[in-house]
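Now for the letters of each chain:
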Amino acid sequence: MAHPNSDIIPTVEGLAYGGDYNPEQWPREVWDEDVRLMREAGVNIVSVNIFAWASVHPGPDTWDFEQLDAIMDLLASAGIKADLATSTASPPPWFSQLHPETLPVNAEGVRLNSGARAEYCPHAPAFQSKVAEMASRLAERYADHPALAMWHVGNEYYRSCFCDLAADAFRAWLQDRHGSLAGLNDAWGTTFWSQTYSDWSQVLPPRICAETPNPGLLLDWQRFSSDALLKLFRSEADAITAFSPDKPITTNLMVTGDFSFLDYHRWGDHVTGPNRLVATDHYLIPPHDSDIEWPAQVAFGADASRGLAAGSPWLLMEQSTNSSAWRRGYFAKRPGDQLRHSLSYVARGSEGAMYFQWRASRYGAERYHSAMLPHGGEDSKVFREVKEFGAQLRRLAEIKGSKVVSRAAILLDFESCWAAKTPGQPSSDMATYPELRRWHAALWRRGITTDLANPAWDLSAYEYVFAPHLYLLDSDANLRAYVENGGRLVIGPYSGVVDHNDHVHPGLPGAIRDLTGVRVEEFVPLAEGERAQLDDGTEGQTWTEAAHAIDAEVIASFKDYPATGAVFHRRLGRGEVWYLATRPADLNPLFNRLGLFSDTPEGLELVRRRHEDGRTYLFAINHTDQSHTVAASGTNLLTGTQWTGELAPGETAVIRE
Ligand code: GAL
Ligand code: ZN
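A few points about helix α13 (residues 414–421)
- The element α13 is extensively covered by neighbouring structure, given that seven of its eight residues are classed as buried.
- Listing the buried residues of α13 in full gives F414, E415, S416, C417, W418, A419 and A420.
- Elements that come into contact with the buried residues of α13 comprise α8 (215–243), α9 (264–272), α10 (294–309) and α14 (433–445).

Things to note about empty space enclosed by the protein
- Per the stated rule, a full pass over the model turns up three cavities of 30 Å³ or more.
- Reported here for the largest cavity is a volume of approximately 100 Å³.
- Looking at the largest cavity, the residues that line it are L534, T538, E539, V567, L580, T582, P584, D586, P589, L590 and R593.
- Of all the secondary-structure elements, those providing two or more residues to the lining of the largest cavity are β20 (582–584) and α17 (588–593).
- Top element by residues in the lining of the largest cavity is α17. It accounts for three residues.
- Considered class by class, the residues forming the lining of the largest cavity number six nonpolar, two polar and three charged.
- Within this model, the second largest cavity holds a volume of roughly 60 Å³.
- Lining the second largest cavity, in full, are E24, V48, N49, A52, S55, V56, D64, Q67, L68 and I71.

Points about the nonpolar core
- The biggest cluster of nonpolar side chains holds 182 residues, and the ones touching the most others in it are F466 and F591.
- Residue contributions to this core peak at 11 residues, all from α8.
- Those residues within four positions of F591 in sequence are excluded, and the remaining contacts are W439, A442, L443, R446, F466 and L596.
- Residues V12, A16, I45 and M354 belong to the second largest nonpolar core, which totals 12 residues.

Quick notes on the coordination of the zinc ion (ligand 2)
- Summarising the metal site, the zinc ion (ligand 2) is bound by the protein donors C121 (SG), C161 (SG) and C163 (SG), whose distances to it range over 2.1 to 2.2 Å.
- Between the donor residues of the zinc ion (ligand 2), the gaps in sequence give the motif C-x39-C-x1-C. In this structure, C161 and C163 share a single accessibility class: buried.

Calculation rules
Residues numbered from 1 in each chain as written. Chains lettered and ligands numbered in written order. Predicted model: local features only at pLDDT ≥ 70, side-chain atom pairs only at ≥ 80, totals over all residues. Heavy atoms only, no water. Buried < 20%, exposed > 50% of the residue type's maximum accessible area, 1.4 Å probe, protein only. Helix = DSSP H or I, 4+ residues; strand = E, 2+ residues; numbered from the N terminus. Contact = heavy atoms within 4.5 Å. 1 Å grid on protein atoms, 1.4 Å probe; cavity = no way out; pocket = protein on both sides within 12 Å on 5 of 7 lines; lining within 4 Å. Points joined across faces, edges and corners; volume = space filled by probe spheres on them. Nonpolar A, V, L, I, M, F, W, Y, C, P; charged D, E, K, R; others polar. Core = buried A, V, L, I, M, F, W, Y, C linked by side-chain atoms within 4.5 Å. Donors = N, O, S within 2.8 Å, 3.2 Å for Na, K, Ca; no water.

See below:
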């Protein structure tokens, strides 16, 4: 059955193409040029009103829709749709001045000042009621506007606050979760260091304190902060639905960096359900700050987004044509990069490609942020490629609604990532996200399309499931079912160690001990740059464990201390499980051992999208400087000609098979 959202932005013809559009920063005459150039570039949707609170609601008793009306009307007359934002992500100074308690307080107890953006406390009633009111006013006014395609709530939710209002809200949330103070004391293990609470009023947010804070508190704080922002999002979404029940609602989630502020899986149905569109923002790390090449970074962002969408359609809401303004060091993409990157997002499931931003700002903190229309103007590499990609997307309209086919999955659990970041760990180098990215990139280089999936989801469709670092796990039940039914599961070290309260499971590796048939006696972390030698000629990095087979085969062992097994294998039911007591320095020998081969040369990206009725499309993106043969037959939609088999350096093709 088609997903109820399969044509999620029904008023947008074909795939979505556009970006954030901030005409409020420009004189009126520039708007006409904008619209002319948007049409030239094939732009069919723009995100408006993202940061325009100050113009829509310029004072406590004033509302002024004149400018937004003009923008919406202009778009409508040009046949361009609007992703209309509620503009609640950046309260203007008048609001903060009137309601100083809505300014956020950091962990040091310092109240931040107005002057940038996202200056709000999610727990302040004045802010909560104002954002719902703004959403409601806008929905009432624009529900039937011909330009309206969808609603964009807030912008990149991430804000947390440590003020007294937050403390009250945290206590209420904790009462709900733990039932009683005794339950809380138990969950947080407060007998340690005499932290036992005798009254709820003693419970505080994780404000800076004298020594290492309680990890259970930190973990609950992350959950609470994520839930509080979800509540805020939902209040706006509900306010919109009351006036505009038929238009899709979105908010832009972040898959950049560690994307670890929120538990997006816990946001679940509220962002993926009917009439919701999953939208994500992804910004590349410049080469001087990353070991992972751009095409693999793009693939990770896209695969992570597809994972957040969990089968629902999703859209890349923001990316950049060149540098972002906030990275360490400016950078420029090379000719063709932008085309290949954008097509890769589409290949991997995005229902279009959007950017931050349409036109580069002349002023403000992001005046050097790249755009579809750069400071360099129309006569630029960037804008020529923007036009070219717009034309390509038009030829790909028929792929809308098709789904990506993946062989493998990497497991991502937000709570586990949070728990692994709490202080007091045996190694500060055992981070989760960089390890997931490293595995993903190694699979990408082999040409394996990989999903990022939650460990509790149905994994039966995957040939291979990788859990490079699943630190927090309560039960192995779902993983066991996957293996017993024929799956191949590989679990990395320092997994299954703690439960949902961050209590260490007795008998390591706790939750996966029975599943792997391995017993871990002690942790033996490695120093930075140190390598552990294994007797199969491979090397481990970062971490080793003294690990013993209870009911598993030892495939390789450490040559030096701890001189125990390092790689374990166990058959279980119709499948198999591997346990690694170290992080392999090179993942290729492991993949070879698993029989995970693909005949795709490194740098040739091949991804398939499939419609429910069986029609398939092979996306081929050549990130290398050599020609490659792509064995497929059908029509290359980008050229409209029969596929001949040869993909030139840097070129792309989408073959309707
Ligand atoms: C995003 C944000 C945009 C813009 C962009 C710059 O995180 O949503 O408003 O700031 O970054 O890269
Ligand atoms: Zn606050």
